[in-house]
There are 2 protein chains.
Amino acid sequence: MTEALTAERVLEAAEDTLRRFGPGKTTVVDVARALGVSHGSVYRHFPNKAALRDAVAERWLERVNARLWPLTTADGSATERLRSWLEQLSTTKRLMAREDPELFATYHALATDSRDVIRVHLDTLAGMLARIISDGVSQGEFEVEDPHRAARAVLTATTRFHNPAHAAEWEEPGLDADFEEVWALLLLGLASGRR
Amino acid sequence: MTEALTAERVLEAAEDTLRRFGPGKTTVVDVARALGVSHGSVYRHFPNKAALRDAVAERWLERVNARLWPLTTADGSATERLRSWLEQLSTTKRLMAREDPELFATYHALATDSRDVIRVHLDTLAGMLARIISDGVSQGEFEVEDPHRAARAVLTATTRFHNPAHAAEWEEPGLDADFEEVWALLLLGLASGRR
DNA sequence: AAACTGACAGATATTGACATCTGTCATCGC
DNA sequence: GCGATGACAGATGTCAATATCTGTCAGTTT
């Protein structure tokens, strides 16, 4: 008897297949073939193709989160942590878009039409940011009324650097300069009351 | 003899046709038909289809600019003007996306693959913003080193509210709240040195 | 001569017959 | 009984034949 078919194994096969063929070309039959089972079996673990695709993208988003968590509670001033965190977010996505374009396209497709999953992800990111900003307030670096609202504002204001809709611009030369400009302005805004 | 065929008349017919059929469906032959001429004549005024499409979108962008210029030099504090200007920019695009989706799609297509035209447009917008911010500095409302860099930062940070790539999000309920959050943060950043 | 036409070549889009895919479910084997 | 199967209907995708489009240009009209 072969190893039992689990949702986890399906997810792994789906991710491999998506990476190989891209979101437009992978079929449920392809995923089943990679597992050596009939496609009907895949439907035992996921209600439909969209759910499978979303689950793969969610897994990927969790991996992005995992890279960010350590920075949320790292050493150093809140300013430094905020800066590293934002850079890590941008860099991770940029790298992924370049190195793993097919999986990135899957994530982009998710972002475009499965808004809920993305909202949850953005909430998670905002939570981490709020934590850093909150620390900054305690340490006297920042002064904001509501750290969570400020976190959302920072995320929105840096959309261009992490939202997949802007991936095409990520290879342009002026991008880093643009980031510096936005960073400078946001930092002033957060620290505003302190000067 | 009928009225002479001018680039202007071609542009008008092209805009009407694009509005009717959308950027994906309008052909040069359609535009010529609307004018009652052969499609060869259209090529007397525009070197190719892309140039015609770009010219239509540029005309539209100039109309957006025309709505913004008055606000650049209006009465009131720089803060008020900045706020109205950003609102006008967002509102105009949002309205256009809703009321004239086919023309908006044309503009979006332009933004996606004719980057130069858009860069010029963004420079124009940044110029207006720099003017307002500059005034704010003179009047003691703002304190920034380089108004033009600050202007670019403000534009980038508000991408989500005026970039057509985000048009799908413009009908979501939380959008205005998000704008308020970003606005509050940017304003603090600009006014930072003043408190 | 300047403005326009329409036939043309090559590129792109549309069509419709056919193949594959998605999602369901009665049935099978362990 | 439980997980897996494979046949199935309807939806979606593919492909090659066909039609339309883009861009050019020699020729016509005014």
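Residues numbered from 1 in each chain as written. Chains lettered and ligands numbered in written order. Predicted model: local features only at pLDDT ≥ 70, side-chain atom pairs only at ≥ 80, totals over all residues. Heavy atoms only, no water.

An unreviewed UniProt entry lists chain A under the name Transcriptional regulator, TetR family, with Actinopolyspora alba given as the organism.

So, on to the protein's contact with DNA strand D. By nearness alone, 16 residues border DNA strand D, and S41 of chain A together with V28, H39, Y43 and K49 of chain B come closest of all. When atoms of DNA strand D within 4 Å of the protein are sorted by moiety, sugar and phosphate together comprise 63%. Y43 of chain B is positioned with one of its side-chain polar atoms (N or O) 2.8 Å from a phosphate oxygen of DNA strand D. Residue K49 of chain B places a main-chain N or O atom 2.7 Å away from a phosphate oxygen belonging to DNA strand D. Broken down by secondary-structure element, the contributors of at least two residues to the surface near DNA strand D are helix 3 (39–42) of chain A together with helix 2 (28–35) of chain B. Per element, the largest residue contribution to the surface near DNA strand D is three residues, and it comes from helix 3 of chain A. For the surface near DNA strand D, the class distribution of residues is five nonpolar, eight polar and three charged. (Near = heavy atom within 4 Å. Polar contact = N/O pair within 3.5 Å; in protein donor to acceptor, adjacent residues only side chain to side chain. Helix = DSSP H or I, 4+ residues; strand = E, 2+ residues; numbered from the N terminus. Nonpolar A, V, L, I, M, F, W, Y, C, P; charged D, E, K, R; others polar.)

On to the relation of the copies chain B and chain A. Note on the identical chains: chain B maps onto chain A by a rotation of 179 degrees and an axial translation of 0.0 Å, with an RMSD of 0.2 Å. What the rotation and shift describe, once combined, is the action of a two-fold rotation axis. When the interface residues of chain B are mapped onto chain A, 100% of them again fall at the interface, so both copies present the same face. (Least-squares fit on C-alpha atoms with pLDDT ≥ 70 in both. Contact = heavy atoms within 4.5 Å.)

Taken together, the contact pairs 27 residues of chain B with 27 residues of chain A. At the boundary of chain B with chain A, total buried surface from both sides reaches about 2400 Å², with 58% on carbon and sulfur atoms. Looking at the side of chain B facing chain A, the largest losses of area belong to T156, E181 and L185 of chain B, adding up to 25% of the total buried there. At the boundary of chain B and chain A, one finds six salt bridges. Between R115 of chain A and E172 of chain B there is a salt bridge, with the nearest N and O atoms lying 2.4 Å from each other. Run the count over chain B and chain A and you get three residue pairs in polar contact (both at pLDDT 80 or more). Contributing elements (two or more residues each) for the side of chain B that touches chain A: helix 8 (147–157), helix 9 (159–162) and helix 10 (175–191) of chain B. (Buried area = accessible area lost by both parts, 1.4 Å probe. Salt bridge = Lys/Arg side-chain N within 4 Å of Asp/Glu carboxyl O.)

A word on the UniProt feature "domain: HTH tetR-type" (unreviewed entry) in chain A. Residues given the UniProt feature "domain: HTH tetR-type" (unreviewed entry) here are residues 4–64 of chain A. With 70% helix and 0% strand, the stretch residues 4–64 of chain A has end C-alpha atoms that lie 29 Å from each other. (UniProt positions renumbered as here; feature names shortened; annotations may be inferred.)

Interfaces are frequently sized by the accessible area removed from exposure as the parts join. Residues and elements named next belong to chain A. The assigned domain composition of chain A is domain 1 (1–46) and domain 2 (50–194). Using only C-alpha atoms to locate each centre, domain 1 and domain 2 end up separated by 31 Å. In this complex, domain 1 contributes 13 residues to the contact, which on the side of domain 2 involves eleven residues. Across the domain 1 to domain 2 interface the summed buried area is about 1100 Å²; carbon plus sulfur atoms make up 68%. Where domain 1 packs against domain 2, one counts five salt bridges. With its nearest N and O atoms 2.5 Å apart, the salt bridge here joins R59 to E8. Our count for the domain 1 to domain 2 interface comes out at four residue pairs in polar contact (both at pLDDT 80 or more). In terms of residue count, the dominant contributor to the side of domain 1 that touches domain 2 is helix 1 (residues 7–21) (nine residues). Here the side of domain 1 that touches domain 2 is composed, by residue class, of eight nonpolar, one polar and four charged. (Domains from an automatic or database assignment.)

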